Amino acid sequence: MQTGVCYFPEHWPRERWEADVERMAEAGIEYVRMSEFAWNRMEPEPGEYEFEWLAEAVDLVGEHGMNAVLCTPTATPPKWLVDEYPGIRQERPDGTPLEFGSRRHYCFNSPEYRRESRRIIERLADRFAGNEAVAGWQTDNEFGCHDTVRCYCDDCTSAFRTWLRETYDSVDALNDAWGNAFWSQEYTGFAEVDVPGPTPAEHHPTRLLDYHRFASDSVVEYNRLHADLLREADDEWFVTHNFMGDFEPLDAFDVTEDLDFAAWDSYPTLHTQQAPDTPAPEDAGADLHRAGDPDVTGMNHALYRGVSGGPFWIMENQAGDIRAFPYSAEPDDGMIRLWTHQAAAHGADVVSYFRWRRCQFGQEQYWGALNNYDGSPDRGLEEAADAAAEFDSLPDLDAPSGDVAILVDYDSMWALHSERHAPDFDYWSHLRTYYRAFRRRGTTVDLVSTSADFDEYAAVVAPSLHLVADDLADRLAAYAEGGGELLLTVRSATKDENHRLRDELAPGPLADALGARVEQHESLSPGLETRVSYEGETYDYRTWAEWLRPDGGTVVGRHESGAADGEPAIVRNASGDGHLTYVGVWPEDGLADAIVVALLERAALPVGERLPDRVRLTERDGHTWVTNFRADAVSIDPGSGSVVLGDESVPGRDLAVVDGPAHEIGVGVDVDG
Ligand code: GAL
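Reading the values: the criteria
- Residues numbered from 1 in each chain as written.
- Predicted model: local features only at pLDDT ≥ 70, side-chain atom pairs only at ≥ 80, totals over all residues.
- Heavy atoms only, no water.
- Helix = DSSP H or I, 4+ residues; strand = E, 2+ residues; numbered from the N terminus.
- Rg over C-alpha atoms; globule rule 2.2 N^0.38 Å.
- Buried < 20%, exposed > 50% of the residue type's maximum accessible area, 1.4 Å probe, protein only.
- Contact = heavy atoms within 4.5 Å.
- Areas by Shrake-Rupley, 256 points an atom, 1.4 Å probe, with all protein chains shown as cover.
- Lys, Arg positive; Asp, Glu negative; His and termini not counted.
- Charge placed at Lys NZ, Arg CZ, Asp CG, Glu CD.
- Patch = residues over 30% accessible without salt bridge, like charges linked within 9 Å, V, L, I, M, F, W, Y side chains within 5 Å.
- Salt bridge = Lys/Arg side-chain N within 4 Å of Asp/Glu carboxyl O.
- Pairing = 2+ DSSP bridges.
- Axes fitted to C-alpha atoms, helices over the stretch in contact; angles between N-to-C directions.
- Near = heavy atom within 4 Å.
- Polar contact = N/O pair within 3.5 Å; in protein donor to acceptor, adjacent residues only side chain to side chain.
- Nonpolar A, V, L, I, M, F, W, Y, C, P; charged D, E, K, R; others polar.
- Core = buried A, V, L, I, M, F, W, Y, C linked by side-chain atoms within 4.5 Å.
- Parallel < 35°, antiparallel > 145°, perpendicular 65-115°, else oblique.
- Phe/Tyr/Trp six-rings, centres within 6.5 Å; stacked < 30°, edge-to-face > 60°.

Tallying secondary structure elements over the chain gives 19 helices and 27 strands in all. For a compact globule of 673 residues, the expected C-alpha radius of gyration is about 26 Å, and the chain comes in at 26 Å, within 12% of that figure. Counting only C-alpha atoms, the chain reaches 75 × 75 × 45 Å along its principal axes. A total of 673 residues make up the chain; the buried ones form 63% of that total. Restricting the contact set of the chain to residue pairs at least 6 apart, pairs at least 24 apart contribute 71%. Element-wise, carbon and sulfur atoms account for 44% of the exposed surface of the chain, whose accessible area totals about 24,700 Å². Taking the average place of the 55 positive charges on the side chains of the chain and the average place of its 126 negative ones, the gap between the two points comes to 4 Å.

Bringing helix H7 (residues 171-178) into the picture now. Within H7, burial applies to Val171, Leu174, Asn175, Ala177 and Trp178. Those residues of H7 that are buried are in contact with helix H6 (154-168) and helix H8 (205-233).

As a further point, take a negative patch on the surface. A cluster of acidic residues, Glu122, Asp126, Asp228 and Glu232, forms a negative patch at the surface. At the level of elements, helix H5 (111-128) and H8 are the ones that each hand at least two residues to the negative patch. Along the chain, Asp126 turns up in helix H5.

Before going further, it helps to spend a moment on the sheet that holds strand S24 (residues 643-645). Reading across from one edge, S21-S22-S26-S24 is the order of the four strands in this open sheet, with antiparallel pairing throughout. The open sheet terminates on both sides in strands that have one partner only, identified here as strand S21 (615-620) and S24. Pairs of neighbouring strands in the sheet enclose a mean axial angle of 30 degrees, with direction left out of account.

Looking now at the site of the ligand. The environment of the ligand is made up of Phe37, Arg103, Asn141, Glu142, Asp265, Tyr267, Glu316, Phe354, Glu364 and Trp367. Within the side chain of Arg103, an N or O atom sits 2.9 Å from an oxygen atom of the ligand. One of the side-chain N or O atoms of Glu142 is found 2.5 Å from an oxygen atom in the ligand. The residue inventory of the shell around the ligand, partitioned by class, reads four nonpolar, one polar and five charged.

The subject of this paragraph is the nonpolar core. Within the largest apolar cluster, 144 residues are counted, with the highest numbers of intra-cluster contacts made by Met34, Phe128 and Leu447. The dominant element in this core, judged by the number of residues it contributes, is H8, at nine residues. Residue contacts for Phe128: discarding those within four places in its chain leaves Phe51, Leu54, Ala55, Val58, Leu70, Val134, Trp137 and Trp237. Grouped together as the second largest cluster of nonpolar side chains are 28 residues, Leu407, Leu472, Leu488 and Leu548 included.

Here we take up the sheet that holds strand S5 (residues 238-240). Each strand in a sheet pairs with another by means of backbone hydrogen bonds, the pair being arranged parallel or else antiparallel. The sheet built from nine strands is open, its strands ordered S5-S4-S3-S2-S1-S9-S8-S7-S6 with parallel pairing. This sheet does not close on itself; its edge strands, each paired only once, are S5 and strand S6 (242-243). As judged from the four bridges shared by strand S2 (residues 31-34) and strand S3 (residues 67-71), these two strands associate in the parallel manner. By the bridge assignment for S3, Tyr31 is matched with Asn67. Strands S6, strand S7 (263-266) and strand S8 (312-318) of the sheet are contacted by helix H12 (residues 294-308), whose axis makes an angle of about 170 degrees with S7.

Further remarks concern the packing of H12 against helix H16 (residues 427-440). Two elements in contact, H12 and H16, have axes whose closest approach is 10 Å; the angle formed by their N-to-C orientations is 95 degrees. Put simply, H12 runs roughly perpendicular to H16. Contacts between H12 and H16 pair Asp295, Val296, Gly298, Met299, Asn300, Ala302 and Leu303 from the former with Trp428, Leu431, Arg432, Tyr435, Arg436 and Arg439 from the latter.

What follows covers the packing of aromatic side chains. A full pass over the atoms with the stated rule returns 34 aromatic pairs. With a centroid separation of 5.2 Å and 40 degrees between ring planes, the pair formed by Tyr152 and Tyr211 is classed as tilted. Placement of Tyr152 in the loop between strand S4 (134-138) and H6 and of Tyr211 in helix H8 is noted, with a sequence separation of 59 residues between them. Taken individually, Tyr152 and Tyr211 each receive the classification buried, so the pair is uniform in this respect. Centroid distance Trp178 to Tyr187: 6.3 Å. Interplanar angle 85 degrees. Geometry classified as edge-to-face. Judged on exposure class, the residue Trp178 and its partner Tyr187 are both buried. Linked through ring pairs, Trp39, Tyr106, Phe108, Tyr113, Phe143 and Tyr222 together constitute an aromatic cluster.

Quick look at the environment of Arg114 now. With respect to the element layout, Arg114 can be found in helix H5. Judged by relative accessible area, Arg114 falls into the buried class, the value being 15%. Through-space distance from the C-alpha of Arg114 to that of Gly47 is 16 Å; in sequence the pair is 67 residues apart. Leaving out residues up to four positions away in the same chain, Arg114 has contacts with Phe108, Asn109, Ser218, Glu221, Tyr222 and Leu225. Within polar-contact distance, the side chain of Arg114 engages the side chain of Asn109 at 3.3 Å.

Here we take up the pattern of salt bridges. Using the criterion set out here, one finds 50 salt bridges in the structure. Ionic pairing is found between Glu116 and Arg119, a salt bridge with its closest N-O pair at 2.6 Å. On the criterion of helical spacing, the pair formed by Glu116 and Arg119 is a turn pair, its members being three residues apart in helix H5. Residue classification places Glu116 among the buried residues on the basis of a relative accessible area of 5%. On the accessibility criterion, Arg119 (22% relative accessible area) is partly exposed. In this structure, the salt-bridge partner of Arg337 is Glu390, at a minimum N-O distance of 3.0 Å. Residue Arg337 is located in helix H13 (residues 335-345), and its partner Glu390 is located in helix H14 (residues 379-393); the two are separated by 53 residues in the primary sequence. Here the two residues Arg337 and Glu390 agree in accessibility, since each one is buried. By sharing partners, the salt bridges in this structure join Asp246, Asp277, Asp293, Asp295, Arg432, Arg436 and Arg616 into a single network.

Below is the structure:
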């Protein structure tokens, strides 16, 4: 476990670099990421390459015993390139092209932009091939940031038509798969199908879904172009990309097939403000504004560990206050160190901070850094240095791996988000309901794709797995049959892979194994009653309700309010050596906890005590981090392990590491603390 930092040598006079790099090394930093937006400095005029300044910066990094991570600079095509090829610009759905003057203004499908990207990457890779100070590369920067995965230009229209032709072969097959008999939407040729621009009413859901799949695939292809060229130049380099938190439009599993591992950019106080399952900023209070929500950040760590299939990186970690919207409170003392450890506990091998020094010009002068703009250390620097030294004191650890998996399916998310049926039906929030409940019990949860090997897990949770093709249904049924504990939640297996309701009621191909069908569904506005009983207790739920018709399955939860009063809400059935459970409501915390505990018990997994709010136990290869996101202290009983970092009293916004398993650790709110 190591630390890194993002540095922009092009922003500082050459005579400052030495001092900066020397101080990085003093702070224990081992990786320095550079060059993601520096195309105009690498090629100030077409065909005039200037890489020597970057080579000097790389040398300096190497001379100080650190590694450089370089980036392909394609997130910011320079002005001359945009003027020469104005068609490379993305277009919004109404056809408005994006202007030069910020970043990410290019289209992934522009043949000209692909050619220009190839040219600069080849030159750059060639210049640095064999340079031992360059450990690896980041492709581009945050694909899709600023709502740029989906473009609506002519190049995308042609590429979309090609994608459809390759997917469906004939237009009749497309008409049939989509169901274009609805509202006279049948096509007579692929050339008639446009990208979905503005329309009076909503778009055909399957057309939207395929467009979303196509847009994500376009990024996958564009990323592959980078990865292939870099590997051709030097196959010792790693290639990664920095993804974003709770990000919808890009399938990170698909992109990462061409990468060595995934990285993501973690800004806890920004993501906490953006997540729909945290209180609105005005109600959030100091804990959230100054420390963030451990499960918002934690679930993204788990996601990118799953995407990587092992250790991942934080390429940009919040280093101080941020230019977040709407508010940007300074993190509390201790948070930079705590976030760093939290990431490592979840399997980050490198935590790299954004950025070394606050910039004196441009759009991000209000974005904090490890150093202030006058070069003096800012609040985070010492904490980052402490974390680096503490990592050195801990052994090398393998990435965590859990016995419980939560399935992540981007297709289902795209389908659900195009037909939410409730303003607050957010896929990541729904997943997080279950993630939080497990984490509250100290359980390690892997977030994996639907192509994962389910048999590696004692329990598999499929939250709102809306689109289920027959082969996936067969694998899920076989998993339960073979002894697995499968938990399906609202809106799961409702549609086939073409976003169409099936002939049989949900959960369609899994209904027989479940011994129940979903007869009705409704979305519920906050003013309506939402009560349900489960194993003798009454609980609340939110947003969505279904009622089930049992046919062999056991009713374990019933509605106690509204039109569904008395109807089955949760059904469980034995299937072979395992069980299927279907939860037909979106549970509030208490019910989510009860469901998760029952699942863990049936799966014969340890059930930890329910942790105090905002305290989390995270186990990595036999070591458990106790991360205290509260303002007050907690005390721990380390079980069979001993405290190897910190103390048995863990102050607020602090941590301890125990060399023992999470489920043995007791945590109490510290009355003396
Ligand atoms: C990230 C981005 C960085 C920088 C940072 C702060 O999203 O990758 O380049 O913009 O946010 O704004």
